[in-house]
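# Structural overview for review
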Amino acid sequence: MTSKDMDINALARETRLVVATRRFSEHGIVNPPVYHASTVLHPTMDSFLSRHSSFAYGPWGTPTSSALAAAVATLEGGHNATICSSGLSAITTTLLSFLKSGDHLLMTDSVYLPTRRFCDDLLKSFGVETTYYDPLIGAGIAGLMRPETAMVYMESPGSLTFEVQDVPAIAAAAHAGGAMAVIDNTWSAGLFFDAFAHGCDISLQAATKYLVGHSDALIGTITATEAAWPRLDKYYKQLGQCTGPDDMYLTLRGMRTLDVRLVRHMQNALEVAGWLKGRPEVHQVLYPALPDAPGHDLWKRDFTGASGLFTILLVPCPREAIAAMLDGLKLFGMGASWGGYESLVVPFEPFSHRNIRTLSADGWGLRLHIGLENPADLIADLESGFQRLNAAR
Ligand SMILES: Cc1ncc(COP(=O)(O)O)c(C=O)c1O
């Protein structure tokens, strides 16, 4: 409930983004205050020893972190949320909180590469075995479940190759086998995909991307169901996860305009992706919102929109020709962390770190983040890039 006694969860997501955290405001000021705090003073010995007050110790939370957590939980439609220092720390905190030695983890083969490295290295050293599954497996995941499978982890669409997963089918099979269902929901920003309505127990995000939206803060969020919350809350605190108050405030501020920004990202991306589809240099466009793109039917069934991130697979050409294209781009910056207002490009070799090939891809891939610029300017930038690529072949 907010100060006006509204049931915020009965409101549309766009409205929730605007009114979230109103109850944290002070003196009638619209935005919640930013508390810089490590020490919390207690008036009495009893108060100190019981630590019953809401904010008893800096690392356990402040009104700033509570305001952001409440806003994230209401955006995602979960019970409660925690705030981590980066998207990757939200991922590792989730894995460490819910897995123990002897457990088996089913991990999508299309996962964000640093998640894979964590599973193959530190998590393995703790005695957790990871099996990578075909992201397109759907209900067939039931065949990979073992008695010791404790978690099925999804990321949809997948990193770089954008496979759309059948989340309800996978989550149902996970639950039937006694495992929990976790999703990296960064691409949809929690706005275009309702992870909890599709059966997930945990929805995590690199809030660094669209929630912050301005490429100026690193932050992660983990939202949980009521059943998953107590364990997450306990281990999150034991792991010492904390985030700076200014970064939390920037995230909350970014969330107010998430809806309008994402709709524009989608409109621009559809225009640029549609143009790219007709280019002879492009073998395939991997943008699920584009009719005929891989995963379009599942995307249409489960998502209410698409963000601005997609991949094009190039017709095979020499690396030097791609460098000639990318090095001369004026509007597209070459950089990895997406979700800000600006357009980006990242070259990669598809399936270089994968066990399972889900597409035929003989050439390089370019992952594009389509920003808020006018799409005609972006197309002109790419068009002159293709001219340089063709001249350097
Ligand atoms: C899908 C996905 N999840 C998580 C992360 C990690 O986010 P961060 O950079 O905040 O650690 C990224 C970063 O690119 C990502 O693309």
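For the structure itself, look to the data block above.
From a predicted model like this one, the values you see are computed outputs, not experimental measurements.

Turning next to the sheet that holds strand 9 (residues 309–314). Read across the sheet, 5 strands follow the order 8-9-12-11-10 without closing on themselves; strand pairing throughout is mixed. Sheet topology places strand 8 (282–286) and strand 10 (333–334) at the edges, where each strand pairs with a single neighbour. In this fold helix 9 (residues 258–277) packs onto strand 8, strand 9 and strand 12 (365–369), with an angle of close to 10° to the strand it touches most, strand 9. Packed onto the sheet, helix 11 (residues 319–327) meets strand 9, strand 10, strand 11 (344–348) and strand 12 and runs at close to 15° relative to strand 12.

Here the focus is the packing of helix 11 against helix 12 (residues 375–392). One can describe the packing of helix 11 onto helix 12 by two numbers: an axis separation of 7 Å at closest approach and a directional angle of 150°. Taken together, the axis directions place helix 11 and helix 12 in an arrangement best described as roughly antiparallel. As for the relative orientation of helix 11 and helix 12, their crossing is right-handed in sense. Here helix 11 contributes Ala 321, Ile 322, Ala 324 and Met 325 to the contact with helix 12, which in turn contributes Leu 382, Gly 385, Phe 386, Arg 388, Leu 389 and Ala 392.

Once that is clear, we can look at the nonpolar core. Counting residues in hydrophobic clusters, the biggest one holds 90 residues, and the most contacted among them are Leu 276, Tyr 287, Phe 310 and Ile 312. Counting contributing residues per domain, this core is built from domain 1 (3–256) and domain 2 (259–391), each supplying no fewer than three. Ignoring any residue separated from it by four or fewer positions in sequence, one finds Tyr 287 in contact with Trp 187, Met 266, Ala 269, Leu 270, Ala 273, Ala 293, Ala 306, Ser 307, Leu 309 and Phe 310. Within the second largest apolar cluster, 27 residues are counted, among which are Leu 99, Met 107, Phe 118 and Met 151.

Our focus in this paragraph is the sheet that holds strand 5 (residues 180–184). Taken together, 7 strands build an open sheet; the order of strands is 1-7-6-5-4-2-3 and the sheet is mixed. The two strands at the open ends of the sheet, each matched to only one other strand, are strand 1 (80–84) and strand 3 (129–133). Across this sheet, the average inter-strand angle for adjacent strands is 20°, counted without regard to direction. Direction of pairing for strand 5 relative to strand 6 (residues 202–206): parallel, over a ladder of 3 bridges. Bridged to Val 182 within strand 6 is Ile 202. Sitting on the sheet, helix 4 (residues 87–98) is in contact with strand 1, strand 2 (104–108), strand 4 (149–155), strand 5, strand 6 and strand 7 (220–224), with an inclination near 155° to strand 6.

Attention shifts here to the packing of helix 4 against helix 7 (residues 229–238). Contact geometry of helix 4 with helix 7 gives a least axis separation of 9 Å together with a crossing angle of 110°. The angle between helix 4 and helix 7 places the two elements in the roughly perpendicular class. Note on packing geometry: the crossing formed by helix 4 with helix 7 is right-handed. Here helix 4 contributes Thr 93, Ser 97 and Phe 98 to the contact with helix 7, which in turn contributes Arg 231, Leu 232, Tyr 235 and Tyr 236.

Right, let's get into the state of the cysteines. Formally, a disulfide is one covalent bond, and it connects the sulfur atom of one cysteine to the sulfur atom of another. On inspection of all chains with the given rule, the structure shows 0 disulfides. Among the cysteines around Cys 119, which has no disulfide bond, Cys 84 carries the closest sulfur, lying 16 Å off.

With an omega of -5°, the peptide bond between Ser 156 and Pro 157 qualifies as cis. Here Pro 157 shows up in the loop between strand 4 and helix 6 (167–176). A positive phi angle, near 65°, is found at Phe 351, a position not held by glycine. Along the chain, the position of Phe 351 falls in the loop between strand 11 and strand 12. The class for Phe 351 is buried, based on a relative accessible area of 11%.

Definitions and cut-offs
Counting of residues starts from 1 at the beginning of each chain's written sequence and follows it residue by residue. Residues qualify for local features only when their pLDDT is at least 70, as the model is predicted, and side-chain atom pairs are given and counted only at 80 or more; totals for whole chains, interfaces and linings, by contrast, use all residues. Side-chain descriptors were evaluated using all non-hydrogen atoms of the structure, hydrogens and water having been removed beforehand. Think of it this way: DSSP has to see at least two bridges between two strands before they count as a pair. A run of DSSP states H or I qualifies as a helix once it reaches four residues; a run of E qualifies as a strand once it reaches two. Both are numbered from the N-terminal end. Any two residues whose heavy atoms approach within 4.5 Å are treated as being in contact. Note on method: axes are straight lines fitted to C-alpha atoms, helices fitted across the in-contact stretch only, with angles between N-to-C directions ranging 0 to 180 degrees. Here roughly perpendicular refers to angles of 65 to 115 degrees, roughly parallel to angles under 35, roughly antiparallel to angles over 145, and oblique to all remaining angles. Whether a crossing is left-handed or right-handed is set by the direction in which the near helix is turned from the far one by less than a right angle, anticlockwise for left-handed and clockwise for right-handed. Joining through side-chain atoms within 4.5 Å is the link that ties buried Ala, Val, Leu, Ile, Met, Phe, Trp, Tyr and Cys residues into a set, and such a set is a nonpolar core. Type-normalised accessible area, obtained with a 1.4 Å probe on protein chains alone, sets the label of each residue: buried when under 20%, exposed when over 50%, and partly exposed for intermediate values. In this entry, domain limits derive from an automatic or database-based domain assignment. Any cysteine sulfur atom paired with another within 2.5 Å is treated as part of a disulfide.

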